[in-house]
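Letter by letter, the chains look like this.
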Amino acid sequence: MQVRDLVMRYGSTTAVDGLSLDVPEGSITAVLGPNGAGKTTTVETCEGFRAPQSGSVRVLGLDPRLDAVRLRPRVGVMLQSGGAWTGSRATEMLRHMASLHAHPLDPDALADRLGLASCGRTPYRRLSGGQQQRLSLAMAVVGRPELLFLDEPTAGLDPQARRATWELLAELRGAGVTVVLTTHFMDEAEQLSDLVHVVDAGTVIASGSPAELTAAGARGTIRFAARPGVDVVALMEALPHDTKVEEVEGGRYVLTGEIDPRLLADLTRWCADHDVLTESVLVERQSLEDRFLDLTGRTLR
Ligand SMILES: Nc1ncnc2c1ncn2[C@@H]1O[C@H](COP(=O)(O)OP(=O)(O)OP(=O)(O)O)[C@@H](O)[C@H]1O
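Criteria and thresholds
- Residues numbered from 1 in each chain as written.
- Predicted model: local features only at pLDDT ≥ 70, side-chain atom pairs only at ≥ 80, totals over all residues.
- Near = placed C-beta within 6 Å.
- Helix = DSSP H or I, 4+ residues; strand = E, 2+ residues; numbered from the N terminus.
- Nonpolar A, V, L, I, M, F, W, Y, C, P; charged D, E, K, R; others polar.
- Pairing = 2+ DSSP bridges.
- Axes fitted to C-alpha atoms, helices over the stretch in contact; angles between N-to-C directions.
- Contact = placed C-beta atoms within 7 Å.
- Domains from an automatic or database assignment.
- Buried ≥ 20, exposed ≤ 12 C-beta atoms within 10 Å, placed from the backbone.
- Arc of directions from axis to C-beta.

1. A closer look at the site of the ligand
1) Next: Around the ligand, the neighbouring residues are Tyr10, Thr13, Ala15, Gly33, Asn35, Gly36, Ala37, Gly38, Lys39, Thr40 and Thr41.
2) Next: Where the shell around the ligand is concerned, the elements lending two or more residues are strand S2 (13-22) and helix H1 (39-46).
3) Next: A total of three residues in the shell around the ligand trace back to one element, the largest contributor, which is H1.
4) Next: Considering only residue class, the shell around the ligand consists of three nonpolar, seven polar and one charged.

Here is the structure:
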């Protein structure tokens, strides 16, 4: 899937401002960004619910609006809310959705797997928020789509259902399904996705695998223990200039800086040269959440 120079406005609000991104086939790609960054508007344009005001979108090589009839059976969509018939029972709805597809998954087995079997006879509007989410996910995947759009799929789910969802998505990727998901859970993006696009103010400000993003500009921490009173000023002189070392309590040290294998080697070499035995050396790299906050800022908008 490809988005090129997409611009989308609501009146005087520019929601998407020249956004371009790629979603490789067979990958799980996460689109991350603060509230109001333009993720849902972008995804809804890819789903064909909105026409690009400028720029272009190709989904499975097709135009999501002009080729909607050809795309519909090949694409699964889970919206942030809605998309269900509020009076229908959960399993009825899922079976009906399955009947619209040529080679669906077994709806009852899927309901069972997502913990919906016990509430299968409950009308949609009486399901809990998390049960509604699970049903929306089941409806998106039951037709065995080639491409799956999931807008915050695990918002409001309990930890068990989140894990069941992650397992299902990993399995779908294994079967060659392309997944595009938006999420505010950085651990989810880190665990699941092959590629992450960080969107802010309507454009992509960083892209890469979770490992690439967390390694880029990685300021991290090394904690170590040694005898009390190590000369940290002399140690810092032997390390790159933006590295800081502090003795936070007697014999416990915290080093902050751009952590890479060379820095760790320089630290232990200096300690060896000064007859300092380092113990419990713990390297803490930044998480995707740290990187996200560095990229998009720490203040609320
Ligand atoms: N229907 C609408 N009418 C007017 N403005 C809208 C509409 N939908 C979204 N916007 C505005 O467009 C911008 C982008 O919204 P969008 O929903 O795409 O962001 P998002 O990244 O999905 O946010 P969230 O993480 O909160 O779901 C926001 O400023 C929002 O207020």
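2. Observations concerning the sheet that holds strand S4 (residues 54-58)
1) Next: Taken in spatial order, the three strands make up an open sheet running S2-S1-S4, and their pairing is antiparallel. Strands at the two margins of the open sheet, each flanked by one partner only, are S2 and S4. In this sheet, adjacent strand axes meet at a mean angle of 30° when their direction is disregarded.
2) Next: Of the strand pairs in this sheet, strand S1 (residues 2-10) and S4 are connected by four bridges, and their pairing is antiparallel. Bridge pairing links Val7 to Ser54 in S4.
3) Next: Contacts from H1 reach S1, S2 and S4, with the element oriented near 115° to S1.

3. Here's the deal with the domain arrangement of the protein
1) Next: When cut into domains, the protein gives domain 1 (2-214) and domain 2 (219-284).
2) Next: The straight-line distance from the C-alpha centre of domain 1 to that of domain 2 is 45 Å.

4. Notes on H1
1) Next: For H1, a buried count of seven out of eight residues is recorded, marking the element as mostly surrounded by other parts of the structure.
2) Next: Where H1 terminates, the next one or two residues include Gly48, which has phi positive at roughly 90°.

5. Topic: the sheet that holds strand S11 (residues 244-249)
1) Next: Spatially, four strands are ordered S11-S12-S10-S13 in an open sheet, and the strand pairing comes out antiparallel. Whereas interior strands pair on both sides, the edge strands pair on one side only; in this sheet they are S11 and strand S13 (279-284). Averaged over all neighbouring strand pairs, the angle between strand axes comes to 20°, with direction disregarded.
2) Next: Across four bridges, the pairing between strand S10 (residues 219-225) and S13 is antiparallel. Looking at S13, one finds that Ile222 is bridged to Val283.
3) Next: Relative to strand S12 (residues 252-258), helix H10 (residues 261-273) is tilted by about 145°, and along the sheet it contacts S10, S12 and S13.

6. A few points about helix H3 (residues 90-99)
1) Next: Looking at H3, one finds that the buried residues are Ala90, Thr91, Met93, Leu94, Met97 and Ala98. Axial view of H3: buried residues confined to an arc of 160°, hence all on one face.
2) Next: Where H3 is buried, its residues touch helix H4 (107-113) and helix H5 (129-141).

7. So, the environment of Lys244
1) Next: Locating Lys244 in the fold gives a position in strand S11.
2) Next: Looking at Lys244, the number of C-beta atoms within 10 Å reads 11, which means it is exposed.
3) Next: The spacing of Lys244 and Thr256 is twelve residues in sequence and 5.3 Å in space, taken between C-alpha atoms.
4) Next: The residues contacting Lys244, other than those within four sequence positions of it, are Met236, Leu255, Thr256 and Gly257.

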